[in-house]
Amino acid sequence: MNTFEIEHLVEQYPLVKQLINLDEVTWFNPNTTTLAEGLPYVGLTQDDVAQAEARLKRFAPYLCLAFPETQKTYGIIESEVVAIPEMQAALEQRYQQKIAGQLMLKKDSHLPISGSIKARGGIYEVLTHAEKLAIEAGMLSEDDDYSVLYSDKFRQFFSQYSIAVGSTGNLGMSIGIMSAKLGFSVSVHMSADARAWKKQKLREHGVNVVEYAQDYGVAVAQGRKEAESDPHCFFIDDENSRTLFLGYAVAGGRLRQQFSQMNIHVDAEHPLFVYLPCGVGGGPGGVAFGLKLAFGDNVHCFFAEPTHSPCMLLGIHTGLHDEISVQDIGIDNITAADGLAVGRASGFVGRAMERLLDGLYTLSDQEMYNLLGLLNQQQGIQLEPSALAGMPGAARVCGDAQYLQSHGLDTQKMQNATHLVWATGGGMVPADEMAKYLSAAKV
Ligand SMILES: *Cc1c(COP(=O)(O)O)cnc(C)c1O
């Protein structure tokens with residue numbers, strides 16, 4: 001975009017000026033509709049999510065064998081929900097804002113196999129591909145006990161095929177580790193911001209790591225190009241994949257079960273607010289879709305982005321989706337938040353979810369570090385910077401009288417509310433890296 005075009009955009013959408021200035025902003029979506037009205041635009045249904053859930057159940061016996069750390073959940077990759085009352089009090093203090101209701105943390109940071117939310121979508125897509133190949137070859141049927149996949153016969157079969165993906169780190173970890181375990185030959189195309197320890201861990205698992213000096217968009221484009229020239233290579237498309245999206249969406253029904261076991265109510269009198277860190281959008285989009293199916297209009301979803309990478313906010317707010325990047329308006333897309341350093345949002349996710357989100361907001365890298373330190377201090381829980389992006393959400397929501405009023409969220413309902421911060425990563429960060437993160441926190 002040239003200066004004139006940017007000025008024109010700012011005239012139409014004054015918030016874009018604040019994005020350009022790297023201000024922390026909160027945008028409440030004026031186009032939110034009911035689930036019934038918004039669902040047709042997603043193009044996926046409850047039945048699609050149910051099929052994904054069933055597929056993950058078929059693979060559970062295999063995952064138990066291949067990753068013994070999943071045995072205690074019978075091969076189902078799921079994370080805990082915990083209350084964080086000390087953090088809630090500290091946030092009220094920090095933001096000088098009462099947070100009505102209860103603040104909780106969804107610890108996808110501690111998901112087995114790859115220690116991030118990518119253990120949902122990434123692993124699900126690899127399993128889907130493996131199942132398809134094995135069934136087409138007549139080696140597997142859906143009624144089989146999938147522990148048979150944990151064998152040399154299957155590893156040898158999958159070794160004829162390859163998988164490629166572009167990643168800023170965490171998606172590569174999930175797809176790399178899962179694909180290599182099944183026996184695939186796998187290449188992960190890593191952007192410049194990817195951490196050295198993630199590359200090393202992947203190489204230890206036998207993954208081919210290709211490094212780029214450019215950002216995520218370039219790594220993805222190269223991965224796609226490599227895959228196109230090889231008919232046996234399957235490219236996992238983080239920007240457009242419905243399969244990834246469905247793998248994430250399974251989280252909704254699972255959370256409903258967890259809440260009912262914990263006696264946490266979600267209904268018209270007990271609203272649920274969920275704050276999800278957003279990169280390209282598949283993870284938070286898929287989870288939010290699953291949450292909407294599980295809790296209907298009683299769940300309110302918000303996406304959180306770094307001030308240096310507000311791609312989804314830019315795309316949804318202007319309606320330009322993947323036709324605009326943060327670089328187009330002069331933002332550098334440089335952030336310490338792994339997984340969130342994405343300049344151009346998924347057009348599929350933006351268009352699917354623009355009516356089902358209550359809002360998006362941004363926060364600075366320094367604030368993510370500060371919140372990382374605060375959570376460690378208050379609750380002894382350690383996350384990676386991106387996973388803290390959801391943390392300011394509850395105070396932003398509780399502080400906006402106009403938003404609450406327009407959604408009929410009165411004082412009584414807010415006292416009954418649950419605020420769920422989706423902690424998307426950090427469980428596998430090495431101790432020396434974590435020490436560096438903690439030392440960057442000013443609390
Ligand atoms: C990938 C990632 C996200 C966001 O997921 P997208 O699908 O890229 O939007 C958030 N947090 C962490 C830690 C991630 O790795």
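Keep in mind that what you see is a predicted model, and the values were worked out from it rather than measured. (Residues numbered from 1 in each chain as written. Predicted model: local features only at pLDDT ≥ 70, side-chain atom pairs only at ≥ 80, totals over all residues. Heavy atoms only, no water.)

*Asks:* What is the right way to look at the nonpolar core in this model?
*Replies:* Inside soluble globular proteins, nonpolar side chains tend to come together where they are buried. Counting 154 residues, the largest nonpolar core has F158, M391 and W422 as its most contacted members. Among the domains, domain 1 (3-113 + 243-440) and domain 2 (118-239) are the pair contributing at least three residues each to this core. (Core = buried A, V, L, I, M, F, W, Y, C linked by side-chain atoms within 4.5 Å. Buried < 20%, exposed > 50% of the residue type's maximum accessible area, 1.4 Å probe, protein only. Domains from an automatic or database assignment.)

*Asks:* Whenever I open this one, the pairing of strand β3 (residues 102-107) confuses me. Can you help?
*Replies:* One face of the sheet, then the other: side chains in a regular strand alternate in exactly this way. Most of β3 sits out of view: five of its six residues are buried. Examined bridge by bridge, β3 and strand β11 (residues 418-423) share six bridges and lie parallel to one another. Within the sheet, the bridge partner assigned to M104 lies in β11 and is L420. (Helix = DSSP H or I, 4+ residues; strand = E, 2+ residues; numbered from the N terminus. Pairing = 2+ DSSP bridges.)

*Asks:* When you look at the UniProt feature "domain: Tryptophan synthase beta chain-like PALP" (unreviewed entry) in the chain in this model, what are you seeing that I'm missing?
*Replies:* UniProt marks residues 95-399 with the feature "domain: Tryptophan synthase beta chain-like PALP" (unreviewed entry), using the numbering shown here. Along residues 95-399 the backbone is 43% helical and 15% strand, and the end-to-end C-alpha distance reaches 10 Å. (UniProt positions renumbered as here; feature names shortened; annotations may be inferred.)

*Asks:* Explain the domain arrangement of the chain here, please?
*Replies:* Size of an interface: often given as the accessible area lost when the parts come together. Here the chain is partitioned into domain 1 (3-113 + 243-440) and domain 2 (118-239). A straight line from the C-alpha centre of domain 1 to that of domain 2 covers 25 Å. Opposite the 43 residues of domain 1 that make contact, domain 2 presents 36 residues. Surface buried jointly by domain 1 and domain 2 totals about 3,600 Å² across both partners, of which 63% is contributed by carbon and sulfur atoms. For domain 1, the biggest contributors to the area lost against domain 2 are F59, Y62 and L244; these three give 20% of the whole. Counting across the interface, domain 1 meets domain 2 through eight salt bridges. The shortest N-O distance in the salt bridge between E131 and R58 comes to 2.8 Å. Our count for the contact surface shared by domain 1 and domain 2 stands at 15 residue pairs in polar contact (both at pLDDT 80 or more). Counting residues per element, the ones that place at least two in the side of domain 1 that touches domain 2 are α4 (46-66), α11 (242-249), α12 (251-261) and α20 (431-439). (Contact = heavy atoms within 4.5 Å. Buried area = accessible area lost by both parts, 1.4 Å probe. Salt bridge = Lys/Arg side-chain N within 4 Å of Asp/Glu carboxyl O. Polar contact = N/O pair within 3.5 Å; in protein donor to acceptor, adjacent residues only side chain to side chain.)

*Asks:* Is there a simple way to think about the sheet that holds strand β2 (residues 81-83) in this case?
*Replies:* If you trace the seven strands from one edge of the open sheet to the other, you get β1-β10-β9-β8-β11-β3-β2, paired in mixed fashion. Each of the sheet's edge strands pairs with one partner strand only, and the pair in question is β1 (26-28) and β2. With direction set aside, neighbouring strand axes in the sheet form an average angle of 20°. Looking at chain direction, β2 and β3 are connected through three bridges and run antiparallel. (Axes fitted to C-alpha atoms, helices over the stretch in contact; angles between N-to-C directions.)

*Asks:* Honestly, the site of the ligand in this entry has me stumped. Any pointers?
*Replies:* What surrounds the ligand is a group of 16 residues, the closest being K118, N170, G281, G283 and T424. G282 places a polar main-chain atom, nitrogen or oxygen, 3.3 Å from an oxygen atom of the ligand. Here G283 contributes a backbone N or O atom positioned 2.7 Å from an oxygen atom of the ligand. Protein contact buries 99% of the 370 Å² of open area that the ligand shows by itself. With three residues, the single largest contributor to the shell around the ligand is helix α13 (residues 282-295). (Near = heavy atom within 4 Å. Areas by Shrake-Rupley, 256 points an atom, 1.4 Å probe, with all protein chains shown as cover.)

*Asks:* Sorry if this is basic, but what is going on with unusual backbone geometry here?
*Replies:* Residues other than glycine predominantly adopt negative phi, and peptide bonds predominantly adopt the trans conformation. Positive phi values are uncommon outside glycine, yet Y74 reaches one of about 55°. For Y74, the position within the fold is in the loop between α4 and β2. Despite not being glycine, H321 has its phi angle at roughly 45°, a positive value. The residue H321 is located in the loop between α14 (311-318) and α15 (347-353) in this model.

*Asks:* Looking at this model, I keep getting lost on the pairing of β11. Mind explaining?
*Replies:* With six of its six residues buried, β11 lies for the most part within the structure. Of the two faces of β11, the one carrying T418, L420 and W422 and the one carrying H419, V421 and A423 are both buried. Pairing of strand β8 (residues 272-277) with β11, which is carried by four bridges, proceeds in the parallel orientation. When the bridges of β11 are listed, V274 appears paired with L420.

*Asks:* Would you mind going over the packing of α11 against α13 with me for this structure?
*Replies:* Between two packed helices, both the angle of their axes relative to each other and the distance between the axes serve to describe the pair. Running from N to C, α11 and α13 cross one another at 55°; their axes reach a closest spacing of 7 Å. One way to sum up the angle between α11 and α13 is to call them oblique. With respect to the hand of their crossing, α11 and α13 are arranged in right-handed fashion. For the pair α11 and α13, the contacting residues are F245, Y248 and A249 in the first and G282, G283, G285, G286, V287, F289 and G290 in the second. (Parallel < 35°, antiparallel > 145°, perpendicular 65-115°, else oblique. Left-handed = near helix turned anticlockwise from the far one by under 90°.)

*Asks:* Would you take a moment to explain the state of the cysteines for this structure?
*Replies:* What makes a disulfide is a covalent bond joining the sulfur atoms belonging to two cysteines. All told, the structure shown has zero disulfides when counted by the stated rule. No disulfide involves C278; its sulfur sits 5.7 Å from that of C311, the nearest cysteine. Given a relative accessible area of 1%, C311 falls into the buried group. (Disulfide = S-S within 2.5 Å.)

*Asks:* Where do I start with the sheet that holds strand β7 (residues 233-236) in this structure?
*Replies:* The strands making up a sheet associate through backbone hydrogen bonding, with each pair oriented either parallel or antiparallel. The strand order across the open sheet built from four strands is β6-β5-β4-β7, with neighbouring strands paired in parallel fashion. If you trace the sheet from one side to the other, it starts and ends with β6 (208-211) and β7, each paired once. Strand-to-strand, the axes of this sheet are offset by a mean angle of 20°, without reference to chain direction. By the bridge criterion, four bridges tie strand β5 (residues 185-190) to β6 in an arrangement that is parallel. Considered in β6, the bridge of S187 is made with N208. Contacts between helix α8 (residues 170-182) and the sheet are confined to β4 (162-167), β5 and β7, with β4 contributing the most and set at about 165° to the helix. The strands touched by helix α10 (residues 216-228) are β4, β5 and β7; relative to β4, the strand with the most contacts, the crossing angle is about 165°.

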